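Fold and contact review
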Amino acid sequence: MSWGPRAIVDSGALRHNLGVVRRYAPRSKVMAVIKANAYGHGLVPTARALIGADAFGVARLAEGLALRDQGLGQRIVLLEGVFSKDELDTVALHGFEIVVHSPQQIELLRDWRGVKQHHVWIKVDSGMNRLGFRIEDFPAAWQALNECPSVSAKPRLMTHLASADERDSQHTDAQVSRFRVLVEKLGVERSAANSAGLLAWPQAHMEWVRPGVMLYGVSPFADGVGAAFDLRAAMTLCTRLIAVRLVKPGERVGYGGSWVAGTASRIGIAAIGYGDGYPRQIGSGSPVLVAGQRCKIAGRVSMDMIAIDLANAQSAQVGDDVTLWGQGLPVEEMATCAATIPYELICGVSQRVTVEYR
Ligand SMILES: Cc1ncc(COP(=O)(O)O)c(C=O)c1O
C-alpha cells in the first residue's frame with residue numbers, strides 16, 4: 001500500500017470523454033490535445049487510452065518524440081512548430097505534422113532540402129495575438145507555403161480562440177467569422193475549437209476540433225464542472241493520513257500557527273504538499289475528503305503535508321484515504337480555492353506523485 005500521494009487516472013473516463021467530444025462535434029475530426037504530459041495525466045498512457053482520436057496535438061517536438069519512442073504511430077501535430085533545420089529533419093523522419101505560424105518557419109521550409117514533404121497547418125491569428133499570421137499577412141504566407149516544394153499540397157488551417165470560455169463574449173463570434181471569411185474559398189481543412197469552442201460555439205467546429213481539458217473531464221468554463229456536460233473526471237489526486245493528533249483549545253497548527261483550535265480537536269496529517277503540486281495558495285478551510293467525508297484544511301499547506309480538521313470524520317485513522325481532487329471533489333472547485341484555473345492544478349502535479357492507471 002502506497003502512503004505517498006497518487007494520481008489515479010481512469011482510462012475509461014478518458015475514453016468516455018472522447019465519446020462526449022464526438023457527440024458534441026459529430027462531423028469533425030478530433031485532434032486530442034495531450035501536451036504538457038497530457039495535462040498531468042501521463043503522455044503515453046493517455047495517448048493509448050485516446051487511441052481512437054484522429055490525431056494528437058502536442059506543443060513541442062520532444063513530446064512527439066516521446067510518443068514515437070513508445071511505438072505510437074498516430075498522426076501527431078506539433079502545435080508550436082519547429083525552429084531549426086535539425087528539428088525539420090527530425091519531423092521528416094518521424095512524420096510529424098507542423099504548425100507554421102511565423103515568417104522564420106516559412107524560411108526554414110524554403111531552405112530545407114530533404115526528400116520528403118512536410119504536412120503543415122498554417123496558423124492564422126484571428127484576434128488572440130499570440131501565434132499566427134495576422135489577417136493581412138495571411139495571403140502571402142498561404143502563397144509562399146503553397147509554392148514551397150518541401151510542403152505537401154493543401155496545407156490545413158488553424159486558429160485559436162482567446163475567449164471561448166466566456167459564453168457572452170463578442171470576441172469568439174468575431175474571431176470565428178474573421179477566420180471563416182478569410183479561408184472560405186480555399187477548400188482545405190480548418191480548425192478553431194478548443195474545449196470551450198467545442199461545447200459552446202458550434203459555429204467554431206469546422207473539419208477539426210482540438211479538445212484538451214474536456215478530455216480529462218474538466219469544464220473549460222469558470223462557472224461549472226465537467227459533469228454538467230457528462231464528462232467524467234479522469235484524475236483523482238489522493239494520499240493517506242500519516243498521523244492523527246489531538247490539539248487543545250487555543251493551540252495553533254502548522255507554519256505560522258494560522259489555524260487555532262476553538263475546541264479540543266482531532267487533526268489529521270496527510271502526506272501531500274506544494275512539493276507534490278498541491279498549491280500553497282489553497283487556503284485554510286478549503287475542502288478535502290477523508291475516507292469520503294468532507295473535511296477542512298487546518299492552516300497552511302506545507303511542502304510535504306497538510307493538516308486537516310477531522311471534526312467531520314471523527315473515526316478517521318492513520319492510513320485512511322484522503323482525496324484532494326477528482327471523484328467526489330471537483331478539481332474545478334479546488335481551482336477556485338487556489339484562485340487559479342483547473343488546468344494549472346492538473347498540469348502542476350509533480351513528478352514525485354505516483355501515477356496509477358485504472
Ligand atoms: C493551440 C491549442 N489548441 C487546443 C488547445 C486545447 O485547449 P483546451 O484545453 O482549452 O481544450 C490548446 C491548449 O491550450 C492549444 O494551445
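This one's a predicted model, so the numbers in the text were calculated from it and none came from an experiment. (Residues numbered from 1 in each chain as written. Predicted model: local features only at pLDDT ≥ 70, side-chain atom pairs only at ≥ 80, totals over all residues. Heavy atoms only, no water.)

With that out of the way, let us pick up the packing of aromatic side chains. Summed over the entire model, instances satisfying the criterion amount to six aromatic pairs. Ring centres of tyrosine 39 and tyrosine 343 lie 6.1 Å apart, and the angle between their planes is 35°; on these two criteria the pair is classed as tilted. Here tyrosine 39 is found in helix H2 (residues 35–40), whereas its partner tyrosine 343 is found in helix H11 (residues 342–347), with 304 residues between them in sequence. Here the aromatic residues Tyr39, Tyr216 and Tyr343 are joined through ring pairs into a cluster of three or more. A cation over an aromatic ring shows up here: arginine 167 above the ring of phenylalanine 221, its NZ or CZ 3.9 Å from the ring centre. (Phe/Tyr/Trp six-rings, centres within 6.5 Å; stacked < 30°, edge-to-face > 60°. Helix = DSSP H or I, 4+ residues; strand = E, 2+ residues; numbered from the N terminus. Lys NZ or Arg CZ within 6 Å of the ring centre and 35° of its normal.)

This part covers the pattern of salt bridges. Taken as a whole and judged by the stated rule, the model has 18 salt bridges. Among the ionic pairs, glutamate 107 bridges to arginine 110, the shortest N-O distance being 2.7 Å. On the criterion of helical spacing, the pair formed by glutamate 107 and arginine 110 is a turn pair, its members being three residues apart in helix H6 (residues 103–111). For arginine 110, a relative accessible area of 41% translates into the label partly exposed. Here glutamate 333 and arginine 294 are joined by a salt bridge, their closest N and O atoms 2.4 Å apart. Of this pair, glutamate 333 sits in helix H10 (residues 331–337) while arginine 294 sits in strand S16 (residues 293–297), placing them 39 residues apart in sequence. When salt bridges with common partners are traced through the structure, they connect Lys29, Arg75, Glu97, Arg156 and Glu189 into a single cluster. (Salt bridge = Lys/Arg side-chain N within 4 Å of Asp/Glu carboxyl O. Buried < 20%, exposed > 50% of the residue type's maximum accessible area, 1.4 Å probe, protein only.)

Before going further, it helps to spend a moment on the site of the ligand. Among the 13 residues in the neighbourhood of the ligand, the closest are listed as Lys35, Tyr39, Ser195, Val213 and Tyr343. Within the side chain of lysine 35, a nitrogen or oxygen atom sits 2.8 Å from an oxygen atom of the ligand. The backbone of valine 213 places a nitrogen or oxygen atom 2.8 Å from an oxygen atom of the ligand. Protein contacts shield 91% of the accessible area of the ligand, which totals 390 Å² for the unbound molecule. For the shell around the ligand, the residue count by class is five nonpolar, four polar and four charged. (Near = heavy atom within 4 Å. Polar contact = N/O pair within 3.5 Å; in protein donor to acceptor, adjacent residues only side chain to side chain. Areas by Shrake-Rupley, 256 points an atom, 1.4 Å probe, with all protein chains shown as cover. Nonpolar A, V, L, I, M, F, W, Y, C, P; charged D, E, K, R; others polar.)

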